[in-house]
Amino acid sequence: MSACPVAAEPTVDRAPLPVLGNDVRVPLVTEGEVTYAALDYAASAPALRRVWDDVAAYAPYYGSVHRGAGYLSQLSTDLFENSRAEIAAFLGCRADDQVVLTRSTTDSLNLLAAVLPQGTRVFVFESEHHAALLPWERRADVAVTYLDAPRSPRQAVEILEHALADREPYGPALVCVTGASNVTGELWPVRELTAAAHAHGARIVVDAAQLAPHHPVDLADLDADWIAFSGHKLYAPFGAGVLAGRPDWLRDAEPYLAGGGASRAVTRGAGGGVDVEWHDSAARHEAGSPNVIGAYAIASACKALREAGFDRLVERERQLIATVREGLAAVPGVRVLSLFGDDAPRVGVLSFVVDGWNSSHFAAALSAEYGIGVRDGLFCAHPLVRTLLGGDRDASGECGAPDGGSLNAVRVSFGAGTPDEHVERFVRAVRELVRDGARWTYRTENGRCVPV
């Protein structure tokens, strides 16, 4: 099977926000080719065409940021800072909030972990993505309490309230919670969790990696302390992310990275070393040459989403979710994973398992035989997926194993750039694979299921 995409005539794109790649043709193992259906938005969303065009228009004017006297440097500096302002508007930031440009959600949460006051206790649900689950224990002077995965939004609030009320000693505390699950797509009760955190003297950071591309996020309205998200999930795949929120912990901590840009002044000290005066703005944690293209790409995507209108985007996504859920419900042996139940509101992210199928085998067949790209595995949320599937299913499983007893799942995800046809084709493909089986032979190679 060829590893290269095949160019062909564009297909009709009925998605509200055009993205790159909806006209790419890929070969099938069963001969012929088909328009690729990218249904792995939760991992990385395709670039908005507008983002790509904006970056391409700016590229000839690219220059160093903040430190150049030349015209292109000044233009790039203005573009970078205006991008920060556009992102702040998109997030509904308060007047004194800082917007720190990072590399990703993971980088943003590791930055926040690095600036926590000594002795902070962090509360995080086991259902979090690893980006939100893992950074905190790297600090020896920070204690972490892992909370059981709740089975309803109300239970999530109750679990948090009890944990915060029982904490000893009573000192600085931080709650880390997702806005929307990267496994189930379910929306979490962020506003209620924020109120609970504040009532017990704790702060809260929201992992909005899956929320921001699908729903409006208003930091002031949520009353959250920080928001973190990645550009590559927001249709801006140029290596940037955001941590936005309260400035005090950021201002009071040592810089995340030491170097140029973070320092306001450096002098030789009396003892032979150097004395450093660090910035107290967002630049304090942005050492090095900034990723101006990444920042501009995020700002472009934010502007495109705001202008498109989230009400319109959310309503269309609800229709796509209904198409997928109804289609999967009609297929025997398919189980959609959920913490909060079938009626829980969600974004365009659904994970499922199929009786008798190894999920890697199922995802490989969707790709090789139908040209549909989904994800399989544990989705960097191992504790959550294990909870949803049951701890007894812990074998890795071989590709095409008849018992399908591997501890993994298939995830389909979509968004504002997804044509209706891609979702409809996915539902048909699931139905056919379950009814008729795979038409090709597959084997396990380097841990992946691949066509022979």
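Structure: above.
Residues numbered from 1 in each chain as written. Predicted model: local features only at pLDDT ≥ 70, side-chain atom pairs only at ≥ 80, totals over all residues. Heavy atoms only, no water.

Chemist: Describe in detail the overall build of the protein, supporting the description with residues and values.
Modeler: Looking only at helices and strands, the protein features 13 helices and 19 strands. Here the C-alpha atoms of the protein give a radius of gyration of 23 Å, agreeing with the 22 Å that 2.2 N^0.38 yields for 452 residues. Along the longest, intermediate and shortest principal axes, the C-alpha atoms of the protein span 75 × 55 × 45 Å. Scored against the burial criterion, the 452 residues of the protein give a buried share of 55%. By sequence separation, contacts in the protein at least 24 residues apart represent 70% of the contacts at least 6 residues apart. Total accessible area on the protein stands at roughly 19,100 Å², and carbon and sulfur atoms take up 50% of it. Between the centroid of the 41 positive side chains of the protein and the centroid of its 57 negative side chains there is a distance of 2 Å. (Helix = DSSP H or I, 4+ residues; strand = E, 2+ residues; numbered from the N terminus. Rg over C-alpha atoms; globule rule 2.2 N^0.38 Å. Buried < 20%, exposed > 50% of the residue type's maximum accessible area, 1.4 Å probe, protein only. Contact = heavy atoms within 4.5 Å. Areas by Shrake-Rupley, 256 points an atom, 1.4 Å probe, with all protein chains shown as cover. Lys, Arg positive; Asp, Glu negative; His and termini not counted. Charge placed at Lys NZ, Arg CZ, Asp CG, Glu CD.)

Chemist: Got a sec to walk through the pattern of salt bridges? Specific residues and values, please.
Modeler: Summed over all chains, the structure comprises 27 salt bridges. Between Arg-25 and Glu-33 there is a salt bridge; the shortest N-O distance is 3.5 Å. By relative accessible area, which is 34% here, Glu-33 ends up partly exposed. Here Glu-86 makes a salt bridge to Arg-306, at a shortest N to O gap of 2.8 Å. Here the residue Glu-86 occupies a position in helix α2 (residues 71-90), and Arg-306 occupies one in helix α9 (residues 292-308), the gap between them amounting to 220 residues. (Salt bridge = Lys/Arg side-chain N within 4 Å of Asp/Glu carboxyl O.)

Chemist: Which residues make up the sheet that holds strand β7 (residues 173-178), and what are the values?
Modeler: Spatially, β4-β10-β9-β8-β7-β5-β6 is the arrangement adopted by the 7 strands of the open sheet, whose pairing is mixed. Two strands lie at the open edges of the sheet, namely β4 (98-102) and β6 (143-147), each paired on one side alone. Between one strand axis and the next, the sheet turns by 20° as a mean value, whatever way the strands run. As judged from the 3 bridges shared by strand β8 (residues 203-207) and strand β9 (residues 226-230), these two strands associate in the parallel manner. By the bridge assignment for β9, Val-205 is matched with Trp-226. Contacts between helix α5 (residues 153-165) and the sheet are confined to β5 (121-125), β6 and β7, with β5 contributing the most and set at about 160° to the helix. (Pairing = 2+ DSSP bridges. Axes fitted to C-alpha atoms, helices over the stretch in contact; angles between N-to-C directions.)

Chemist: Describe in detail the packing of aromatic side chains, supporting the description with residues and values.
Modeler: Here the structure, examined in full by the defined rule, presents 11 aromatic pairs. With centroids separated by 6.1 Å and ring planes inclined at 45°, the aromatic side chains of Phe-90 and Phe-310 adopt a geometry described as tilted. Of the two residues, Phe-90 sits in helix α2 while Phe-310 sits in helix α10 (residues 310-329), which places them 220 residues apart along the sequence. Summarising the burial analysis for this pair, Phe-90 and Phe-310 share the class buried. Seen from their ring centres, Trp-188 and Phe-340 are 5.4 Å apart, and the 55° between their planes marks the pair as tilted. A residue pair is termed long-range when its members are at least 10 positions apart, and Trp-188 in the loop between β7 and α6 (190-199) and Phe-340 in the loop between β13 (334-336) and β14 (349-354) qualify at 152 residues. The pair formed by Trp-188 and Phe-340 is uniform in burial state, with each residue classed as buried. (Phe/Tyr/Trp six-rings, centres within 6.5 Å; stacked < 30°, edge-to-face > 60°.)

Chemist: So, the pairing of β8: which residues are in play, and what are the values?
Modeler: A regular strand carries its side chains on alternate faces of the sheet. Among the 5 residues of β8, 5 are classified as buried, and the element is accordingly described as predominantly covered. Every second residue of β8 is oriented toward a common face, with Arg-203, Val-205 and Asp-207 on one face and Ile-204 and Val-206 on the other, all of them buried. Pairing of β7 with β8, which is carried by 5 bridges, proceeds in the parallel orientation. Paired with Val-175 across the bridge in β8 is Ile-204.

Chemist: Give me the lowdown on the sheet that holds β14, citing residues and values where you can.
Modeler: Sheet architecture is open: 4 strands sit in the order β13-β14-β17-β16, paired in antiparallel fashion. Each edge of the sheet is formed by a strand with only one pairing partner; in this case those strands are β13 and β16 (375-377). Pairwise comparison of adjacent strand axes, ignoring direction, gives a mean angle of 30° for this sheet. Note that β16 and strand β17 (residues 409-413) share 3 bridges and pair antiparallel. Within the sheet, the bridge partner assigned to Arg-375 lies in β17 and is Arg-411.

Chemist: Kindly report on the environment of Ala-365, identifying the contributing residues and their values.
Modeler: On the secondary structure map, Ala-365 appears in helix α11 (residues 359-370). Beyond its immediate sequence surroundings of up to four residues, Ala-365 is in contact with Tyr-370, Leu-433 and Tyr-442.

Chemist: Got a sec to walk through empty space enclosed by the protein? Specific residues and values, please.
Modeler: Tallying each qualifying case throughout the model produces 2 cavities of 30 Å³ or more. As for the largest cavity, its lining consists of Pro-16, Pro-213, His-214, Tyr-235, Leu-313, Arg-316, Glu-317, Gly-415 and Ala-416. Partitioned by chemical class, the residues of the lining of the largest cavity number 5 nonpolar, 2 polar and 2 charged. Volume-wise, the second largest cavity comes out at about 40 Å³. Lining of the second largest cavity is provided by Tyr-41, Ala-42, Ala-45, Gln-210, Pro-213, His-214, Lys-233, Tyr-235 and Phe-414. Tallied by class, the residues present in the lining of the second largest cavity amount to 6 nonpolar, 2 polar and 1 charged. (1 Å grid on protein atoms, 1.4 Å probe; cavity = no way out; pocket = protein on both sides within 12 Å on 5 of 7 lines; lining within 4 Å. Points joined across faces, edges and corners; volume = space filled by probe spheres on them. Nonpolar A, V, L, I, M, F, W, Y, C, P; charged D, E, K, R; others polar.)

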